[in-house]
Structures are given as structure tokens and as C-alpha cells.
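# Structural characterization, general
One-letter residues, chain by chain:
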Amino acid sequence: MKIVVCVKLVKVVGDEVEFTADGLDVDSDYLEHALNEWDACAVEEALRIRERLGQAEVIAVTAGDKKSEEALRRCLAMGADRAVRVDSAVTDPISTANALASAVAPESPDLVLCGVQSSDSVQGSTGTALSELLGLPRVAVVKKLEWSGAGPATVHRELEGGLVDVVEVDTPAVLTIQTGINQPRYATLRAIKLAEQQEITLVTAPAGGDPAYRVRRMFTPPKGEGAQMLKGNPSEIASQIAVIIKERLK
Amino acid sequence: MSVLVIAEHTRGEVRDITYELITAGHALEGPLVVAAIGSDPGALDLNRAGVDEIIHVRVPQADFENDVYQQALEALIAERRPDHILVGFSVNSLGYAPAVATKLGLGFASDVFAIRREAGTTVATRAFYGSKVHAELDFPGQRAVMLMLRPTIWPAAGAASAPPSVTERNVTIAGSRARHKEFLDLPKADVDITGADFLLAIGRGIGDKENIALFERLSEKMAATLASSRPLVDAGWMPSSRQVGQSGKTVKPKVYLALGISGAVQHLAGMKASGTIIAVNKDPEAALFNAAHYGAVADLFEVARELEKLY
């Protein structure tokens, strides 16, 4: 039994933003990094399946540069058995799926879990694109997963407005995991230390085709009218808020 | 040039995003064709201004299954060769649109909120890095482009003065590997936040489960209904009946007071039509300040404490 989890080291922009000289991305000095929240839920779900079935190998896979191994080490610290990095530049979701597929396909996994989306790109598309490249069935936006380890799985797909679609999916399958399906475990300090020593398998990225899109320019959004900012100390702010509320509820 | 729009429907009802896609398609060149995929596509109301042709794609499955939509869409693209394919940035579309784009080698981008044609090129705008930056994308070398468009950006297309031409089409479905079994409605809730005039909404900024009680008390004092953003529901701190946003409720109160909500796109979709939006957040760059009418950069606990004194 093999469960592959695809993860991403996401970039988080702080209070200030500066762009690279070519204007096509944010300057890396202004970025922080973290394991994508949705992917942490996918890892947790894989670990729970392993615990439930008694045996399974959980393999974390990412596509990115050396830095992106931080995401894999976090997965190892959570309890993944091993990790694979496809050495590639992260671009559009289809190119990313192509890179991931080169590492996932040779594993012949019984199940592939991805996060629904990454917090820095919010394309929601990599898992579904990956399923196509692997020739596997898929379900996107899974909020609940029931699977005996063989045969079809029953999943809850979370639709807009909270409506749930119960779906029976053949396996092996690719599922994209929604937050709220579980609370990802914390890695202990000891596990984080141990994960630093673990070997990460490196895979060379396949030659890519045309990217699905090209970034022409990146910019900070026009502020629009924006909010009228209330000034003062908390007491003064509260008073102004109370006045506005009273006025608007009339 | 032509535009193909894929209609979205759930339990026999056309979803609003379909009409928004029709409006968005006007920015592109050529006739606009809407395809309705289902067991009874004729029952769906698609007579909207700007639609040149409706294709009823008849399949055995009444409800959405991603393999069915993928096969139907691939057949349509092979037959019609549209330059632009527009689908909603929705849970259903996420199940098949990226797969079709991958298989056919189309230009592709999702959660797009602006499109235009410029010197024969399609330019799509979307956000990155928690909506803190925007990017313009183009699609060099691509024969056709599939765009997943963000809901509630474009106005819905109005009714058509004359019905467009309708084409009936059957598609043979080779198989469906992810099959719809049933729908489960949300359990009946203790409260209907969509009916409230005044919502006090709390988000990740409240920090800890223990703090929920503080805001329950504050909402009672202020005669507000307590609502929540998604992370608190995911954490199990708040019931899903209180969740505002794309996967929760769409609300339109007279006053929406948001404490510690950064304003993710999915949250904004559920509350941006509120009469007056007041946002309190300690992050001056919180995206919600762009959608709010009033904002305050402050510690939400201190503001909450002061508010409590006033009620």
C-alpha cells in the first residue's frame, strides 16, 4: 500500500512588497515560507489512513528548488516515510503537475492526495491536472474520506453553500483535500530534528512543453476607494464603530 | 473566433456563475455558445442576452460527474474548436477543467477576475500571494485558452429578447470513475445568519477557542448575530451554520462588523454585498480593508473590550 501526498512550500507576503527587477514576481526578500495549509491536511489524512489500515507507506512529493525541501522535511516530521523532490521551477499548475507526475507515476501509488489549492496561487488545479497525466480518476475538494484500502472509496465533495455531494470513486485515485477534513498534527521538536537528517530523493524534471500561461507583469492591486480608516485609541475606535452601527441599523 | 461557455447547474437549477460567464464572454471576440450538459438540458433556463447558440448535450447522468463533463467538453471542443472556453471557478469545474486543459494542451488560468483582448492577445488578470499582488497573464503559442472565472465579479446576463438557436447533441459516455451517489444538505441550523441585520463576524485573529465565549457575550450585548470565517469552522470552534463565504452562507446584513478577518477571496464572495462593512484587524494590509467601508488597524481584543462597555 502506497499513498503519495503532493505538497508545496508556499510563499507568504508580509506587510511590504517589492518586485523583482523584471517586474514578473515578488522579490524573494519579501517572502516567508510555509508548508501549504491544505497540503498539511492531505498529509494528515494519509497518516490517518496508514494508522487505520495498520500498514501503508506515505511518500511526500514536491516540485521545486532546493528551498522547497523545507516542505518535505515538515511532512517527514509529521510522519511521512520518505520524500521526493522533483527539481523544477514552480510555474503554472499544469507544468507543476507535469513535474509531479514524473515522480508519482513510477511509485504506482494506491492513492494520491493533494491539497485543494495553494495559499499563494489559489489555482485549485494541480491535483486534477495530475490525475489526467497519471490516467487516474479524481475527486476535487474532498471534505471526508472513507476507504477500506481496496476498491472504491466514498468521499464527500464540499460544494458551494455547504451542500455535500457523496461520490463513489474508483481507486487508485487522486483526491484534492479541503481544510477542515482533519486537524493536522504538530511535529514534535525531536521529529523535526530527525527529519533534518533524512535523505530526500531527487528526481530530474521532465522537459516541459509550452507553459499554460506567461506572467506579463505583476503589481500591487489598485487600492480602489478602500475603507475609511478610523483613527484613535481602541476606546475612540470603539465609539466611532458604535455610532456607525447605530446610524446604519436605524 | 468563438467563445464556449459551460453552464453550471446543481439539482436542476442553473447557478448564477453561468450568467456571469455569459457577461464575461462579451469581452472576447466571436459568437458565444453555451453548452448545457445533463440528462435534461432543455429544462435549464439559458435564454440570456448575448447568447448566440445553446447546445443541449444529453448524457445519461442527471447530476455532475467529472468524467462525464470531461468527455462531453472534449467532444464539444473537437467539434467546435472554440478559441476561448469559459467555466466557473467552482468546485464542479475544479474536477474536470484543468484535466481537459492538460489533455488538450490549452492555455489555462484559474480564479481569473478580469479578461480583455489587446492587440489580438488574450490577457487575464488574477491574484497571487493572498491577494496582495495581481498579475496579468497571457498565453503565447496556445491555440485555445480555458479560463476559470471567479464568481460574483461580472454581473449576471439579463433575459434575452429573442430565444437563441438550440442545437441538440448526444454524447456517448465511455464510463464514469467518480459517481454521484446523493446530496446531503447542511443540518438544520439553530440560527439563520442570512436573515440577520447585524452580523458580528470573527476570524482567525481571535487566536484561541477559549476566546469564542468573549465574542458570544459581545454579540449578545450588541444584539448582533455571531458569524465566522472558515478557519474557525475548520478548527471545530464554530458550527458550519455560522460560516460566511463561498462554502458557507452568502449574507447581506445592514451591518457587517468583522473582527480579525483578513478577507480571503472566498470570504469576500459571501459578504461583500453587505450594507456597511466595518473591519478591525491589526494587519494594515488585510485584504478586507479594500472591501470594507470603514476600517481600523487595532488590537481586536481591546476594541471588543471597549465596545462591550458601550452596550
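Not measured: the values here are computed from a predicted model.

Parameters at a glance
- Each residue is numbered by its place in its chain's sequence as written, counting from 1.
- A letter from A marks each chain and a number from 1 marks each ligand, given out in the order of writing.
- Only residues with pLDDT of at least 70 are given local features in this predicted model, and only at 80 or more are side-chain atom pairs given and counted; all residues enter the totals for whole chains, interfaces and linings.
- Side-chain measures were taken over the full set of non-hydrogen atoms in the model, leaving aside hydrogen atoms and water.
- A helix here means a DSSP run of H or I that spans at least four residues, while a strand means a run of E at least two residues long, and both kinds are numbered starting from the N terminus.
- Computation of the radius of gyration draws on C-alpha atoms, with the globule rule given as 2.2 Å multiplied by the number of residues to the power 0.38.
- A 1.4 Å probe rolled over the protein chains alone gives each residue an accessible area, and that area as a share of the maximum for its type sets the label: buried under 20%, exposed over 50%, partly exposed in between.
- Note on contacts: a residue pair is in contact if any heavy atoms of the two residues lie within 4.5 Å.
- The term nonpolar core refers to a set of buried residues drawn from Ala, Val, Leu, Ile, Met, Phe, Trp, Tyr and Cys, joined through side-chain atoms within 4.5 Å.
- Expected span of a helix, by definition, is 1.5 Å for each gap between consecutive residues, and there is one gap fewer than residues.
- We define buried area as the total accessible area lost by two parts upon association, computed with a 1.4 Å probe and summed across both.
- Polar contacts, as used here, are pairs of N or O atoms within 3.5 Å; protein pairs need one atom able to donate a hydrogen and one able to accept it. Residues neighboring in sequence count only if both atoms are side-chain atoms.
- Gly is put with the polar residues, along with every residue not named as nonpolar or charged; the nonpolar set is Ala, Val, Leu, Ile, Met, Phe, Trp, Tyr, Cys and Pro, and the charged set is Asp, Glu, Lys and Arg.
- Each Phe, Tyr or Trp ring (for Trp, its six-membered ring) is paired with any other whose centre lies within 6.5 Å, and the angle between the two planes then decides the class: stacked below 30 degrees, edge-to-face above 60, tilted in between.
- Where each domain starts and ends comes from a domain assignment, either automatic or drawn from a database.
- The salt bridge definition used is simple: a Lys or Arg side-chain nitrogen within 4 Å of an Asp or Glu carboxyl oxygen.
- Structural elements are reduced to axes, namely lines fitted to C-alpha atoms, with helices fitted over the stretch in contact, and the angle between N-to-C directions of any two is expressed from 0 to 180 degrees.
- Angle categories are assigned with fixed cut-offs, so that under 35 degrees is roughly parallel, over 145 is roughly antiparallel, 65 to 115 is roughly perpendicular, and the rest are oblique.
- When the near helix sits turned anticlockwise from the far one by under a right angle, the crossing is termed left-handed; a clockwise turn instead gives a right-handed crossing.
- Paired strands, as defined in this entry, are two strands with at least two bridges between them according to DSSP.

## A few points about the overall build of chain B
Along the backbone of chain B there are nine helices and 18 strands. A globule of 311 residues ought to have a C-alpha radius of gyration of about 19 Å, and chain B, at 22 Å, matches this closely. Its C-alpha atoms give chain B principal-axis dimensions of about 65 × 45 × 40 Å. Every one of the 311 residues in chain B was classed for burial, and the buried ones make up 60%. Pairs at least 24 residues apart make up 64% of the contacts formed inside chain B by residues separated by at least 6 positions.

## Some details on the nonpolar core
With 61 residues, the main nonpolar core has A:Val112, B:Ile6 and B:Met146 as its most contacted residues. Looking at this core, the element that brings in the most residues is helix 3 (residues 93–104) of chain A, giving seven residues. Not counting the four nearest positions on each side in its chain, A:Val112 is found in contact with A:Val4, A:Cys6, A:Val104, A:Leu130, A:Leu134, A:Leu136, A:Ala173, A:Val174 and A:Leu175. Counting 42 residues, the second-largest nonpolar core is a separate cluster that includes A:Leu35, A:Cys75, A:Ala187 and A:Ala191.

## Looking at helix 2 (residues 66–80) of chain B
All names here are of chain B. Along its 15 residues, helix 2 runs 21 Å from first to last C-alpha, staying within 8% of the 21 Å computed at 1.5 Å per residue. For helix 2, the set of buried residues is Asn-66, Asp-67, Val-68, Tyr-69, Gln-70, Ala-72, Leu-73, Glu-74, Leu-76 and Ile-77. One or two residues past the end of helix 2 sits Arg-81, with phi positive at roughly 45 degrees.

## Considerations on the interface of chain A and chain B
With 83 residues of chain A in contact, the opposing surface of chain B contributes 92 residues. The largest share of the area that chain A buries against chain B comes from A:Arg138, A:Glu160 and A:Arg216, three residues that together contribute 10% of it. At the boundary of chain A with chain B, the tally comes to 41 residue pairs in polar contact (both at pLDDT 80 or more). In terms of residue count, the dominant contributor to the side of chain A that touches chain B is helix 6 (residues 234–248) of chain A (10 residues). Its residues assigned to classes, the side of chain A that touches chain B shows 41 nonpolar, 21 polar and 21 charged.

## Points about the packing of aromatic side chains
Residues and elements named next belong to chain B. Counting across every chain of the model gives five aromatic pairs over all chains. With centroids separated by 4.7 Å and ring planes inclined at 55 degrees, the aromatic side chains of Phe-64 and Tyr-69 adopt a geometry described as tilted. On the accessibility criterion, Tyr-69 (5% relative accessible area) is buried. Where Phe-64 meets Tyr-96, the ring centres are 5.9 Å apart and the plane angle is 45 degrees; that geometry is what we call tilted. Residue Phe-64 is found in the loop between strand 5 (53–58) and helix 2, and its partner Tyr-96 is found in the loop between helix 3 (91–94) and helix 4 (97–104); the two are separated by 32 residues along the sequence. No difference in accessibility class separates Phe-64 from Tyr-96, as the two residues are buried.

## Digging into the domain arrangement of chain B
Residues and elements named next belong to chain B. Domain annotation for chain B reports domain 1 (3–170) and domain 2 (193–310). In this complex, domain 1 contributes six residues to the contact, which on the side of domain 2 involves six residues. Interface area for domain 1 against domain 2, summed over the two sides, is near 530 Å², with a carbon-plus-sulfur share of 51%. Of all residues in domain 1, Ser-131, Lys-132 and Thr-152 bury the most surface against domain 2, accounting for 59% of the area lost on that side. Close ionic contact of Asp-283 with Lys-132 constitutes a salt bridge, the shortest N to O distance being 3.6 Å. Our enumeration of links across domain 1 and domain 2 arrives at one residue pair in polar contact (both at pLDDT 80 or more). Broken down by class, the residue content of the side of domain 1 that touches domain 2 amounts to two nonpolar, two polar and two charged.

## Topic: the packing of helix 6 of chain A against helix 9 (residues 300–310) of chain B
Packing of helix 6 of chain A against helix 9 of chain B leaves a shortest axis separation of 8 Å and a crossing angle of 55 degrees. When the axis of helix 6 of chain A is compared with that of helix 9 of chain B, the two are oblique. Between helix 6 of chain A and helix 9 of chain B the crossing geometry is right-handed. In this structure, helix 6 of chain A contributes A:Pro234, A:Ser235, A:Ile237, A:Ala238, A:Ser239, A:Ile241 and A:Ala242 to the contact, and helix 9 of chain B contributes B:Glu302, B:Val303, B:Glu306, B:Leu307 and B:Leu310. Taken together, the residues of the contact of helix 6 of chain A with helix 9 of chain B break down into eight nonpolar, two polar and two charged.

## Focus on helix 4 (residues 126–134) of chain A
All names here are of chain A. Summarising burial for helix 4: seven of the nine residues are buried, a large majority. Those residues of helix 4 lying buried are Gly-127, Thr-128, Ala-129, Leu-130, Ser-131, Glu-132 and Leu-134. Positioned one or two residues after helix 4, Gly-135 has a phi angle of 70 degrees, which is positive.

## Some thoughts on the sheet that holds strand 10 (residues 133–138) of chain B
Read from one edge to the other, the open sheet built from four strands follows the order 12(A)-10(B)-9(B)-8(B), with strand pairing classed as antiparallel. Every other strand in the sheet has two partners, leaving strand 12 (214–219) of chain A together with strand 8 (114–118) of chain B as the edge strands with one partner each. Averaged over all adjacent pairs, the angle separating strand axes in this sheet is 25 degrees, with direction ignored.

## Comments concerning the environment of B:His26
Residue and element names in this part refer to chain B. Along the chain, His-26 falls in the loop between helix 1 (16–25) and strand 4 (32–38). Residue class for His-26 comes out partly exposed when judged on its relative accessible area of 45%. Along the primary structure His-26 and Asn-66 are separated by 40 residues, whereas in three dimensions their C-alpha atoms are 27 Å apart. Residues within four places of His-26 in sequence aside, it is in contact with Leu-32, Ala-49 and Gly-50.

## Quick notes on unusual backbone geometry
Only a minority of non-glycine residues have a phi that is not negative, and only a minority of peptide bonds are not trans. Residue and element names in this part refer to chain A. The amide bond that connects Thr-171 to the next residue, Pro-172, takes the cis arrangement and shows omega of -5 degrees. Its place among the elements puts Pro-172 in the loop between strand 9 (164–169) and strand 10 (174–177). With phi around 70 degrees, Val-141 is a residue other than glycine that occupies positive phi space. Its location among the elements puts Val-141 in strand 7 (residues 138–146). The class for Val-141 is buried, based on a relative accessible area of 3%.

## A short note on the pattern of salt bridges
Using the criterion set out here, one finds 46 salt bridges over all chains in the structure. Among the salt bridges present, the one from A:Arg48 reaches A:Glu44, with a minimum N-O distance of 2.7 Å. Residue A:Arg48 and its partner A:Glu44 are located together in helix 1 (residues 37–53), separated by four residues, close to a single helical turn. By relative accessible area, which is 31% here, A:Arg48 ends up partly exposed. Take A:Glu44: its relative accessible area is 2%, and that puts it in the buried class. Close ionic contact of B:Asp197 with B:Lys254 constitutes a salt bridge, the shortest N to O distance being 3.9 Å. Of this pair, B:Asp197 sits in the loop between strand 13 (178–184) and strand 14 (198–202) while B:Lys254 sits in the loop between helix 6 (230–234) and strand 16 (255–259); the two residues are 57 residues apart in sequence, bridging distant segments of the chain. Classification of B:Asp197 by relative accessible area gives partly exposed; the value is 42%. Classification of B:Lys254 by relative accessible area gives partly exposed; the value is 35%. What emerges from the salt-bridge pattern is a single network uniting A:Arg214, A:Arg216, A:Arg217, B:Arg116, B:Glu118, B:Glu136 and B:Asp138.

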